[in-house]
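Analysis of the macromolecular model
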Amino acid sequence: MSLRNILYFLLPLTVEVCCGQKPGTTTIATWQYGRPAALSLTYDDGTINQFTAALPIMNRLRLPATFFIITGQIPGSKYQGRFIGRPVEEIIAETAVTPTNRENFFERASAIAFSGHEGTLEYHTRAGGTYDEQGEEKATEAYKILDEGYAKIRAGNFRAASTEDTRHGVTWDQIKSYAAQGHEFASHTVTHPRLAVLDEVNMLYELEKSKEEIQTRLGRKHTFSAEGPYGTENERAVSYILKLYPASRNRMPEPYLEELNRWNRMNPGTSGKEYVQWQRGATTKTPLPLMKSWVDTIAANHNNWLVLVFHGVDGIGYEALPHELLEDYFNYIKEKEHLVWVATFGDVTKYMRERMAGTVRQTSSESKITVELTHTLDREDYDLPLTLKTYVPAKWKKVKIKQGTTSEILPSAQDEQGSFVQYQAIPNATPIQLTPTP
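Residues numbered from 1 in each chain as written. Predicted model: local features only at pLDDT ≥ 70, side-chain atom pairs only at ≥ 80, totals over all residues. Heavy atoms only, no water.

Some thoughts on the layout of surface pockets
To keep things clear, this is the line we draw: Buriedness for pockets is judged along seven lines, at least five of which must meet protein on both sides within 12 Å for an open set on the 1 Å grid over protein atoms alone, while cavities are sets there where a 1.4 Å probe fits but cannot get out, and lining residues have an atom within 4 Å of a point. Grid points are joined across faces, edges and corners, and a volume is the space filled by probe spheres set on the points. Comment: elements are numbered from the N terminus, with helices defined as DSSP H or I runs of at least four residues and strands as E runs of at least two.
Here the second largest pocket defines a volume of roughly 640 Å³. In terms of lining, the second largest pocket is formed by 27 residues, of which the most central are Tyr230, Arg262, Trp263, His311 and Tyr318. Listing elements by their share of the lining of the second largest pocket, those giving two or more residues are strand S2 (37–45), helix H5 (121–132), strand S8 (275–281) and helix H10 (288–299).

Structure below.
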């Protein structure tokens, strides 16, 4: 065979491999609907104006959110704050003779807020915040804070705590209706303690009973996500959270995920990992143009997940933002929705994990392409549809996509690799059939 004939024989194959995708080739999009970035609106503490002022704006714009709620503060909750352990009076008496140290610190930090006196919660919170900064010097400082608080208790410097039920605000019936509107409700513990300084039994109470309350009221779907109060990244606390909840806004160590917390200054576009979770906290000191720039930043990258953290609204709650600012901001996000997939914290986590654990198999002919989509995760928790991109023959101008009893007809699109269709598919279900249609 002449050299000319050899080149002629090889040319079509070379063009097909180098310059286009073979029909049937299917990939899972980085984010839902093939959008470059993902964004989650999250709220901490469940204060009333989050629901009366912010939620209606999001509903009008069809933007779902995740609310991390303190379950013990909701009227009608079965589980409220309590100390589990030996009598608190015994611990108080012991502090008169034995200073706080490594061995007794967690127990004392857990008990002090339940001593029956007003103002002692502050010492739990201060000691916890100091200890959470880590380091032996900080631990010693935290011990001294508890010693000061217990000394004041013994001296009678605090008045007796009121027994009046102070729970108020949003009700479980209201939360149930909001959940039905597409919002995620997730655990922010029973009482919002400093988890890093609780002993094991009290840490488990805060995490387990909050989960149990939410499951009873809203169902298993809303026990997927959690947030340990104060954004703690304490390794011990996070390990307990992740034993009970599949997803935690505090930390979710994955080899493919770059986690940039609210205080991290790294540019999210510089990471070499498959995904980047970029948390930003919106406070009263955060300029609106800066908040908008966060959205622009993720839209310019193809693996970023912006997790926005809000607290108070309209004067109620920590760092309360006016609803007018939120409305402006949410409208800006809505304008970028063709570039940014807005979804709950739980759904973005599910999509990311399903994609990383997913397998696509396909067979093709001139008249039909069959795609099988599976993943190895727990099917009860991980049931979110994934976005698939399948290349089809150039002559397929319209494509019928059928999975089970569901079907749709989509026009094919073009990119530098050839003709394709992009569509939603359910993992671990029946195979997807793609066929040309007039």
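Overview of the pairing of strand S14 (residues 398–403)
Heads up, the rule is: Only protein chains enter the calculation, and the probe is 1.4 Å; a residue is then buried if its accessible area is under 20% of its type maximum, exposed if over 50%, and partly exposed in between. Two strands qualify as a pair provided that DSSP identifies no fewer than 2 bridges between them.
Side chains Val399, Ile401 and Gln403 of S14 all project onto a buried face; the interleaved residues Lys398, Lys400 and Lys402 project onto a face where none is buried. Sheet topology note: the S14/strand S15 (residues 406–411) ladder contains six bridges and is antiparallel. Opposite Lys398, over in S15, you have Pro411 as the bridge partner. Counted between consecutive antiparallel strands, the loop separating S14 from S15 contains two residues, among which Gly404 sits at a positive phi close to 65°.

A short note on the nonpolar core
To keep it simple, the criterion reads: Put simply, a nonpolar core is a bunch of buried Ala, Val, Leu, Ile, Met, Phe, Trp, Tyr and Cys residues held in one set by side-chain atoms that sit within 4.5 Å of each other.
Membership of the largest hydrophobic core comes to 46 residues, with the highest contact counts inside it found for Leu39, Leu41, Phe310, Tyr329 and Phe330. At seven residues, helix H2 (residues 48–61) tops the list of elements feeding residues into this core. Membership of the second largest hydrophobic core comes to 35 residues, among which are Ala29, Ile369, Val392 and Val399.

Observations concerning the pattern of salt bridges
Pairing between side chains becomes possible if they bear opposite charge and their charged atoms approach one another. The condition that has to hold: Salt bridges are defined as contacts in which a side-chain nitrogen from Lys or Arg sits within 4 Å of a carboxyl oxygen from Asp or Glu.
A full pass over the atoms with the stated rule returns 29 salt bridges. The shortest N-O distance in the salt bridge between Asp381 and Arg220 comes to 3.1 Å. Linking Asp381 in the loop between strand S12 (369–375) and strand S13 (386–391) with Arg220 in the loop between helix H8 (200–218) and strand S5 (225–226), this pair joins segments that are 161 residues apart in sequence. Judged by relative accessible area, Arg220 falls into the partly exposed class, the value being 33%. One connected set of salt bridges, linked through shared partners, spans Arg86, Glu90, Glu94, Glu107, Arg108 and Asp147.

Some remarks on empty space enclosed by the protein
The condition that has to hold: Each residue is assigned to one class: nonpolar for Ala, Val, Leu, Ile, Met, Phe, Trp, Tyr, Cys and Pro, charged for Asp, Glu, Lys and Arg, and polar for all the others, Gly among them.
Within the structure shown, the criterion is met by one cavity of 30 Å³ or more. In this structure, the largest cavity spans a volume of roughly 40 Å³. Forming the boundary of the largest cavity are Glu227, Gly231, Glu233, Arg249, Asn250, Asn261, Arg262, Trp263 and Gln279. Within the lining of the largest cavity, the residues separate by chemical class into one nonpolar, four polar and four charged.

Side note on the sheet that holds S14
Note the threshold: Orientation is described by axes fitted as lines to C-alpha atoms, over the contacting stretch for helices, and by angles from 0 to 180 degrees between their N-to-C directions.
If you trace the five strands from one edge of the open sheet to the other, you get S11-S12-S18-S14-S15, paired in antiparallel fashion. In this open sheet, the two edge strands, each paired with only one partner strand, are strand S11 (358–364) and S15. Within this sheet the neighbouring strands show an average axis-to-axis angle of 20°, counted without direction. Here S14 pairs with strand S18 (residues 432–436) via five bridges, running antiparallel. The residue bridging Val399 from the neighbouring strand is Pro436, located in S18.

So, the environment of Tyr79
Put simply, the rule is: Contacts between residues were defined by any pair of non-hydrogen atoms, one from each residue, lying within 4.5 Å. Two N or O atoms form a polar contact when they lie within 3.5 Å of each other; inside protein one atom must be a possible hydrogen donor and the other a possible acceptor, and for residues adjacent in sequence the pair counts only when both atoms belong to side chains.
Inspection of the secondary structure puts Tyr79 in the loop between strand S3 (65–69) and helix H3 (88–95). Residue classification places Tyr79 among the buried positions, given a relative accessible area of 13%. Through-space distance from the C-alpha of Tyr79 to that of Ser210 is 7.5 Å; in sequence the pair is 131 residues apart. Once residues within four sequence positions are removed from consideration, Tyr79 is found in contact with Gly72, Val190, Tyr205, Lys209, Glu212 and Glu213. Polar contacts involving the side chain of Tyr79 include one to the side chain of Lys78, which spans 3.4 Å.

Quick notes on the sheet that holds strand S17 (residues 418–425)
In spatial order, the strands read S1-S13-S17-S16; together these four strands make up an open sheet with antiparallel pairing. The sheet terminates laterally at strand S1 (26–28) and strand S16 (413–415), the two strands that pair on one side only. For this sheet, the mean angle separating the axes of adjacent strands, direction not counted, is 35°. Pairing of S1 with S13, which is carried by three bridges, proceeds in the antiparallel orientation. Counterpart to Ile28 in the pairing with S13 is Leu388. Along the sheet, helix H12 (residues 345–357) makes contact with S1 and S13, crossing S13 at roughly 45°.

Comments concerning the environment of Pro393
With respect to the element layout, Pro393 can be found in the loop between S13 and S14. Owing to a relative accessible area of 15%, Pro393 belongs among the buried residues under this scheme. Counting along the chain gives 287 residues from Pro393 to Phe106, while the straight-line C-alpha distance between them is 65 Å. Those residues in contact with Pro393, other than ones at most four positions away along the chain, are Pro23, Ile369 and Ser419.

What to know about the packing of helix H7 (residues 172–180) against H8
Quick note on the threshold: Here is the rule for angles: anything less than 35 degrees is roughly parallel, anything more than 145 is roughly antiparallel, 65 through 115 is roughly perpendicular, and the remaining ranges are oblique. Left-handed is the label given to a crossing in which the near helix is rotated counterclockwise from the far helix by less than a right angle, and right-handed is the label when the rotation is clockwise.
The contact between H7 and H8 brings their axes to 10 Å, and the two run at 70°. Relative to H8, the element H7 is oriented roughly perpendicular. Our pair here, H7 against H8, has a crossing hand that is right-handed. In this structure, H7 contributes Trp172, Ile175 and Lys176 to the contact, and H8 contributes Glu213, Ile214, Arg217 and Leu218.

Overview of the packing of H10 against helix H11 (residues 323–335)
Their axes nearest at 10 Å, the elements H10 and H11 cross at an angle of 20°. In terms of their interaxial angle, H10 and H11 are classed as roughly parallel. Of the two possible hands of crossing, H10 and H11 adopt the one that is right-handed. Residue-level contacts link Leu288, Met291, Lys292, Trp294, Val295 and Asp296 of H10 to Leu325, Asp328, Tyr329, Tyr332 and Ile333 of H11. Partitioning the contact of H10 with H11 into residue classes produces eight nonpolar, no polar and three charged.

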